[in-house]
Amino acid sequence: MNMDRNKDRKKIVGVFFVIAVVIGVFFLFPDLLPAVDDAKAPVHTYLSDYYIENSLEDTGAHNMVTAVLADYRGFDTLFETCVMFLAGVTALMVLSTTAKVTKPERSRKERLQISFGSTVLDIAFRIIVPVIVIYAFYVLVHGELSLGGGFQAGALLAIAYMIDRIIPSFNSSLGNLKEETAAVIAGVGVFIYILTGLLPMAGSGNFLEYGKLPFGADTAEQIRQLHGTGILLIEIGVVVCVMATIINILEVVLERTEFDD
Amino acid sequence: MLMSPILLEGAFLLLLIAITIVIIFGKDLLALTIIYCAFSFSAMILYILAGAADVAFTEAVIGVISTVYFIIAIKSISRRCK
């Protein structure tokens, strides 16, 4: 007991020592770090000006973050989506060796008794799930004008599914996705992304060059609209992939967890 | 404005450090998960103060998802740690 406390004290002293050293180093050399809003900081002198001046003209996206993420850096986002997909598949692979926990079938009345214990919660979640789904679609479609984009919309859809899944008294209205199906759907999301990237190559464009999507655009204004179409298409791919991956991991873990209810 | 932004930023940064220390030494994992949710919330406020609303939005959404994951994980192990 005494040794435990001694060990704890050593741990606490160690943590505070590390924090003190890190903060001390930052206070020692404040001049070496640029101020937060310094426009002349090295990171802001390379490409920022180009993006600020030309992103609307180049891509037609009012939200500069989306313009950079989905258009200028579309290739990076493709592999970020692949990483999400791989994370889901890896969770499936690692945990599929563990046996699933068989859960007894329960009637709705029984499930209501072992649920969070309140009809109010049950009804509240029923109201909040459709709102979350609508908001997710708003975030997806509005991604190039305001906040958000594919990743956030996918996560919101997954949250709606999660709420639907973890309230046991709920007669799951969104259905019960199998983990293998979710992994396949995540793959379909990546496929949509890559297909959007390949479409311009049918004409004379490069990979992910939205301005040359084969939808017949001649004027500069139409080409700008094509950029919007391309961003929307790849974001649909990202939404599908992110949503399915989060559901996949959730299902993999839930199926193998014993709840003592 | 009641408080200057720099003061607000400092307050939330101190809150982040305090929450981290609590999480390191706490024993009740379920309570710590909820406190971790507060960590993600203050990080979100900091992102908004820094003008990065996109990142703040993502942080808010991911905060919810990670909390749910943690709670499911804690349900399958014991709630308290030694």
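Residues numbered from 1 in each chain as written. Chains lettered and ligands numbered in written order. Predicted model: local features only at pLDDT ≥ 70, side-chain atom pairs only at ≥ 80, totals over all residues.

Engineer: What is the right way to look at the overall build of chain B in this model?
Structural biologist: The helix and strand tally for chain B stands at 3 helices and 0 strands. Buried positions account for 9% of the 82 residues belonging to chain B. Taking contacts inside chain B between residues at least 6 apart in sequence as the whole, the part at least 24 apart equals 59%. (Helix = DSSP H or I, 4+ residues; strand = E, 2+ residues; numbered from the N terminus. Buried ≥ 20, exposed ≤ 12 C-beta atoms within 10 Å, placed from the backbone. Contact = placed C-beta atoms within 7 Å.)

Engineer: Can you walk me through the overall build of chain A in this structure?
Structural biologist: The helix and strand tally for chain A stands at 9 helices and 0 strands. Mapped in sequence order, the helices and strands of chain A form the string α-α-α-α-α-α-α-α-α. Across the 261 residues that make up chain A, the buried fraction comes to 30%. If you take every contact in chain A between residues at least 6 apart in sequence, the share linking residues at least 24 apart comes to 72%.

Engineer: Can you walk me through the interface of chain A and chain B in this structure?
Structural biologist: Where interface size is quoted, it is often the accessible area lost as the parts come together. Taken together, the contact pairs 21 residues of chain A with 17 residues of chain B. Per element, the largest residue contribution to the side of chain A that touches chain B is 8 residues, and it comes from helix α7 (residues 150-166) of chain A.

Engineer: Would you explain unusual backbone geometry in this entry?
Structural biologist: Glycine aside, negative phi is the norm for most residues, and most peptide bonds take the trans geometry. Even without glycine at this site, L208(A) takes up a positive phi of about 65°. Considering the arrangement of structural elements, one finds L208(A) in the loop between α8 (179-202) and α9 (220-255).

Engineer: Where do I start with the environment of F125(A) in this structure?
Structural biologist: As for its position among the elements, F125(A) is in helix α6 (residues 119-141). C-alpha separation for the pair F125(A) and G60(A), spaced 65 residues apart in sequence, amounts to 38 Å.

Engineer: Please clarify how the environment of H142(A) should be interpreted in this entry.
Structural biologist: All names here are of chain A. With respect to the element layout, H142 can be found in the loop between α6 and α7. Overall, the presence of 16 C-beta atoms within 10 Å leaves H142 in the partly exposed class. Measuring from C-alpha to C-alpha, the distance between H142 and N63 comes to 9.6 Å, with 79 residues separating the pair along the chain.

Engineer: Sorry if this is basic, but what is going on with the nonpolar core here?
Structural biologist: Residues L156(A), L157(A), A158(A), C241(A), V242(A) and M243(A) are the most contacted members of the largest nonpolar core, which totals 47 residues. When contributions to this core are tallied by element, the ones reaching two or more residues are α3 (64-72), α4 (74-95), α6, α7, α8 and α9 of chain A together with α3 (53-76) of chain B. The element best represented in this core is α9(A), accounting for 15 residues. Contacts of L156(A), omitting those with residues within four sequence positions, involve I132(A), Y135(A), A136(A), V139(A) and V61(B). (Core = buried A, V, L, I, M, F, W, Y, C linked by C-beta atoms within 7 Å.)

Engineer: What am I meant to see in the confidence of the model for chain B here?
Structural biologist: Low pLDDT marks regions whose predicted coordinates should not be analysed in detail. Residue and element names in this part refer to chain B. Mean pLDDT over chain B stands at 86; residues scoring 70 or higher make up 95%. At the level of individual helices and strands, chain B shows its lowest average pLDDT in helix α1 (residues 5-25), which scores 87, and its highest in helix α2 (residues 29-49), which scores 92. With a pTM of 0.83, the predicted complex shows an ipTM of 0.84. (pLDDT = per-residue confidence, 0-100.)

Engineer: Looking at this structure, how should I read the packing of α3(A) against α9(A)?
Structural biologist: Helix packing geometry: the angle between the two helix axes and the distance between the axes. Residue and element names in this part refer to chain A. Where α3 meets α9, the axes come as close as 10 Å, and the angle between the chain directions of the two elements is 80°. The orientation of α3 with respect to α9, classified from their angle, is roughly perpendicular. Note on element contacts: α9 touches α3 through H227, I231, I234 and E235, opposite T66, A70 and D71. Partitioned by chemical class, the residues of the contact of α3 with α9 number 3 nonpolar, 2 polar and 2 charged. (Axes fitted to C-alpha atoms, helices over the stretch in contact; angles between N-to-C directions. Parallel < 35°, antiparallel > 145°, perpendicular 65-115°, else oblique. Nonpolar A, V, L, I, M, F, W, Y, C, P; charged D, E, K, R; others polar.)

Engineer: Looking at this structure, I do not really get the packing of α4(A) against α8(A). What am I missing?
Structural biologist: Residues and elements named next belong to chain A. Two numbers describe how α4 lies on α8: the axes approach to 10 Å, and their chain directions differ by 165°. By the criterion of interaxial angle, the relationship of α4 to α8 is roughly antiparallel. Between α4 and α8 lies a crossing whose hand is left-handed. Across the interface between the two elements, L78, T81, C82, F85, G88, V89 and L92 from α4 touch E179, A183, A186, G187, G189, V190, Y193 and G197 from α8. (Left-handed = near helix turned anticlockwise from the far one by under 90°.)

Engineer: Please clarify how α7(A) should be interpreted in this entry.
Structural biologist: In an α-helix, one full turn covers 3.6 residues, which means residues spaced three or four apart are oriented alike. Here α7(A) contains 17 residues, and its C-alpha end-to-end distance of 24 Å stays within 8% of the 24 Å for a straight helix at 1.5 Å per residue. Counting buried positions along α7(A) gives 14 out of 17 residues, so the element sits mostly inside the fold. (Expected span 1.5 Å × (residues − 1).)

Engineer: Looking at this structure, how should I read α3(B)?
Structural biologist: With 24 residues, α3(B) ought to run about 34 Å at 1.5 Å a step, and its terminal C-alpha atoms sit 35 Å apart, in line with that. Of the surrounding secondary structure, the elements contacted by the buried residues of α3(B) are α3 and α7 of chain A.

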